[in-house]
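# Survey of secondary and tertiary structure
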Amino acid sequence: MTTSTRPTPTQTEAAGPHLVQRLGLFSSTAIVVGSMIGSGIFIVPAEISRGVGSPALLIGAWLVTAVMTIIGALSYGELAAMMPSAGGQYVYLREALGPMWGFLFGWTLFLVIQTGTIAAVAVAFGKFLGVFFPVISSSHWLWHFGHVPAIKLGPMVLGNMDLGVNTANLTGIIIVLVLTGINILGVRLGALVQNVFTTAKTAALLGLVILGFTFGRNPAAIAANFGHNFWQGASWHALHPVQVGVGGPIAMVGLLAVLAVVQTGSLFSADAWNNVTFTAGEIKNPKRNLPLSLVLGTVIVISLFVAANFVYLLVLPLHGDPHGATVAARGIQYAAEDRVATAVLQQIFQNGGAFLMAGAILISTFGCANGLILAGARVYYAMSRDGLFFKSTSKLHPRYKTPVAALVIQAVWTCFLCLTGSYSQLLDYIICTELIFYILTIACLFVLRRRRPDAERPYRAVGYPVLPAIYIGMAAWICVVLLRYKPQFTWPGLLIVLLGIPVFAIWSRRGQAVAD
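Throughout what follows, the structure given in this document is the object of discussion.

Rules used in this analysis
Residues numbered from 1 in each chain as written. Predicted model: local features only at pLDDT ≥ 70, side-chain atom pairs only at ≥ 80, totals over all residues. Heavy atoms only, no water. Helix = DSSP H or I, 4+ residues; strand = E, 2+ residues; numbered from the N terminus. Contact = heavy atoms within 4.5 Å. Areas by Shrake-Rupley, 256 points an atom, 1.4 Å probe, with all protein chains shown as cover. Lys, Arg positive; Asp, Glu negative; His and termini not counted. Charge placed at Lys NZ, Arg CZ, Asp CG, Glu CD. Buried < 20%, exposed > 50% of the residue type's maximum accessible area, 1.4 Å probe, protein only. Phe/Tyr/Trp six-rings, centres within 6.5 Å; stacked < 30°, edge-to-face > 60°. Lys NZ or Arg CZ within 6 Å of the ring centre and 35° of its normal. Salt bridge = Lys/Arg side-chain N within 4 Å of Asp/Glu carboxyl O. Patch = residues over 30% accessible without salt bridge, like charges linked within 9 Å, V, L, I, M, F, W, Y side chains within 5 Å. Expected span 1.5 Å × (residues − 1). Axes fitted to C-alpha atoms, helices over the stretch in contact; angles between N-to-C directions. Left-handed = near helix turned anticlockwise from the far one by under 90°. Nonpolar A, V, L, I, M, F, W, Y, C, P; charged D, E, K, R; others polar.

### Section: the overall build of the chain
- Scanning the chain for helices and strands turns up 20 helices and four strands.
- For the chain, the spread of C-alpha atoms along the principal axes amounts to about 70 × 50 × 45 Å.
- Long-range contacts, defined as pairs at least 24 residues apart, comprise 79% of the intrachain contacts of the chain with a sequence gap of at least 6.
- In the structure as shown, the chain presents an accessible area of about 19900 Å², 68% of it carried by carbon and sulfur atoms.
- Taken as two groups, the 30 positive and 16 negative side-chain charges of the chain have centres that lie 6 Å from each other.

This is how it looks when you write it as structure tokens:
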């Protein structure tokens with residue numbers, strides 16, 4: 001715990017260079033949109049379709065994500081306007097629940113959530129660049145260290161990954177280093193890159209939607225997916241098969257349970273909307289622009305995501321044959337390498353579709369990685385100001401006013417994850433953990449309304465207390481279902497969080513000793 005001899009965050013921030021408020025409403029909204037749109041929306045629908053087996057439930061899964069994401073943004077808006085400080089969600093947890101909870105969030109963010117997502121997005125950039133330059137491939141090894149065998153622990157499988165440098169992860173590492181360098185040179189330059197690429201990829205996703213609705217309507221797919229077939233398997237009495245753990249038994253679950261299980265894909269695809277709160281110290285008029293950017297950004301992205309899934313259903317049948325000879329025969333469920341959006345454009349444009357979609361995803365992943373790199377470093381900067389992270393990360397560049405050490409440390413760990421290939425497994429582990437942190441953060445609304453009733457609240461959460469309570473209930477249900485049926489996605493993430501408790505104790509004692 002902190003003591004009275006330690007400097008308060010306000011006192012600490014008074015010394016040295018300050019973060020400069022250079023991000024307007026457009027830039028902050030671009031961070032929300034750009035961080036949310038990665039490669040997931042183009043790939044994840046295949047996995048969800050295999051899980052639900054119903055056009056209505058495919059849309060239903062995204063509508064659940066839409067409801068939760070928008071409620072989350074509306075709720076975070078109050079906290080963001082009330083405490084517009086660098087670090088965002090870390091600060092809310094620290095102020096409402098105590099320093100340990102803020103640290104555990106930041107610890108998990110650094111170890112897995114932010115860096116793992118950056119690694120995954122950057123390597124995805126490399127893989128899709130391989131469409132244009134075949135030499136770039138995850139199977140083209142430049143330096144192969146070896147293979148970690150699969151290790152089965154109960155319902156989980158660890159390891160089973162190759163270590164080394166291939167042309168795909170090398171490309172990802174280069175992207176991480178280039179974008180880190182851009183963000184070191186100033187938040188304005190990082191925001192310019194974000195604005196350009198977010199505009200481009202939003203236009204690309206909108207273009208996919210418009211093309212699908214105007215030129216891509218496939219009578220065979222419409223007949224298979226809509227009308228009576230749309231609701232097939234979506235009744236309250238229908239049961240759906242779910243494999244418990246890795247290689248475990250098959251359990252038959254109902255409608256609400258299967259929708260919860262497939263949220264590991266759709267929620268993760270729509271995640272990172274909270275990243276803009278990390279940059280609060282650099283947003284102009286944050287009490288207005290932060291909540292507004294959260295709402296605008298999430299509504300734009302979620303609307304596009306739901307529309308894109310309707311387009312997929314208009315162009316391709318949901319059900320397909322994994323050995324089908326054409327994209328239509330494989331359907332959404334078995335699109336080659338789960339690239340549903342690529343299959344859609346191939347159906348519309350034949351051979352040119354793959355190149356069009358690969359180009360769109362390159363733009364999308366580049367902008368997404370930039371937004372994540374820009375935002376994540378601000379959390380470690382805020383933690384360090386509280387004495388809970390490496391001391392060097394609390395310092396800003398005297399000229400560029402950016403947290404250089406925080407950006408560099410983030411890049412180093414991200415590059416390590418790229419080399420080990422462990423980011424994919426790590427990201428599988430943390431969706432339940434992320435939901436727990438979202439639950440705790442939205443619970444901060446209730447805590448702070450009671451503890452600080454007279455605090456300035458330029459924006460009050462719409463629908464409080466009903467909507468925040470609905471979010472907590474929905475997220476808690478998903479966590480319970482995942483703990484029961486997908487332990488491989490839950491227990492490892494919880495262990496990572498728990499490992500942060502002794503680390504917090506060490507950092508706290510170290511910070512107290514320095515203050516004394």
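### Some remarks on unusual backbone geometry
- Of note, the amide linkage connecting Tyr 464 to Pro 465 takes the cis form, showing an omega dihedral of 0°.
- Among the secondary structure elements, Pro 465 is positioned in the loop between helix H18 (431-451) and helix H19 (466-485).
- With phi around 80°, Ala 272 is a residue other than glycine that occupies positive phi space.
- Following the sequence through the fold, Ala 272 ends up in the loop between helix H11 (263-269) and helix H12 (286-315).
- Under the relative-accessibility criterion, Ala 272 is labelled buried at 9%.

### A look at the packing of aromatic side chains
- Evaluation of the coordinates by the stated rule reveals 24 aromatic pairs.
- Ring centres of Phe 230 and Trp 231 lie 5.0 Å apart, and the angle between their planes is 90°; on these two criteria the pair is classed as edge-to-face.
- The class of Trp 231 is exposed, set by a relative accessible area of 58%.
- Ring centres of Trp 273 and Tyr 438 lie 5.2 Å apart, and the angle between their planes is 15°; this geometry places the pair in the stacked category. Residue Trp 273 is found in the loop between H11 and H12, and its partner Tyr 438 is found in helix H18; the two are separated by 165 residues along the sequence.
- Residue Tyr 438 is classed as buried on the basis of its relative accessible area of 6%.
- Every member of this aromatic cluster is reached through a ring pair, and the members are Phe 110, Tyr 380, Phe 389, Phe 390, Trp 413, Phe 416 and Trp 507.
- In this structure, Arg 339 packs its charged tip against the face of Phe 128, placed 4.8 Å from the ring centre.
- A cation over a ring is seen here: Arg 449 above Tyr 464, with NZ or CZ 3.9 Å from the ring centre.

### Quick notes on the pattern of salt bridges
- This model, assessed by the stated rule, comprises nine salt bridges.
- The closest approach of N and O atoms between Glu 78 and Arg 449, which form a salt bridge, is 2.7 Å. Here Glu 78, found in helix H4 (residues 55-82), pairs with Arg 449, found in helix H18; they are 371 residues apart in sequence, far enough to count as distant.
- Taking relative accessible area as the criterion, Glu 78 reaches 1% and is therefore assigned buried.
- Measuring nitrogen to oxygen at the nearest pair gives 2.9 Å for the salt bridge that ties Glu 95 to Arg 94.
- In this structure Glu 95 comes out as partly exposed when scored by relative accessible area, which is 27%.
- Through salt bridges with shared partners, a single ionic network connects Arg 94, Glu 95, Asp 386 and Arg 452.

### Looking at a nonpolar patch on the surface
- Together, Leu 142, Trp 143, Phe 145, Leu 170, Ile 174 and Val 178 make up an exposed nonpolar region whose accessible area comes to about 600 Å².
- Tracing the sequence through the fold places Leu 170 in helix H7 (residues 167-184).
- The class of Leu 170 is partly exposed, set by a relative accessible area of 31%.

### Some remarks on helix H3 (residues 40-52)
- Between its first and last C-alpha atoms H3 spans 17 Å; for 13 residues at 1.5 Å apiece the expected length is 18 Å, and the two agree.
- When we look at burial in H3, the residues that qualify are Gly 40, Ile 41, Phe 42, Val 44, Pro 45, Ala 46, Ile 48, Ser 49 and Val 52.
- In the stretch just after H3, Gly 53 is the one whose phi turns positive, near 65°.

### Some remarks on the packing of helix H6 (residues 99-129) against helix H16 (residues 404-420)
- Packing of H6 against H16 brings their axes to within 9 Å, and their N-to-C directions diverge by 65°. Crossing geometry of H6 relative to H16 is assigned as right-handed. Contacts between H6 and H16 pair Phe 110, Leu 111, Gln 114, Thr 115, Gly 116, Ile 118, Ala 119 and Val 123 from the former with Ile 409, Gln 410, Trp 413, Thr 414, Leu 417 and Cys 418 from the latter.
- Among the residues forming the contact of H6 with H16, the class breakdown is nine nonpolar, five polar and no charged.

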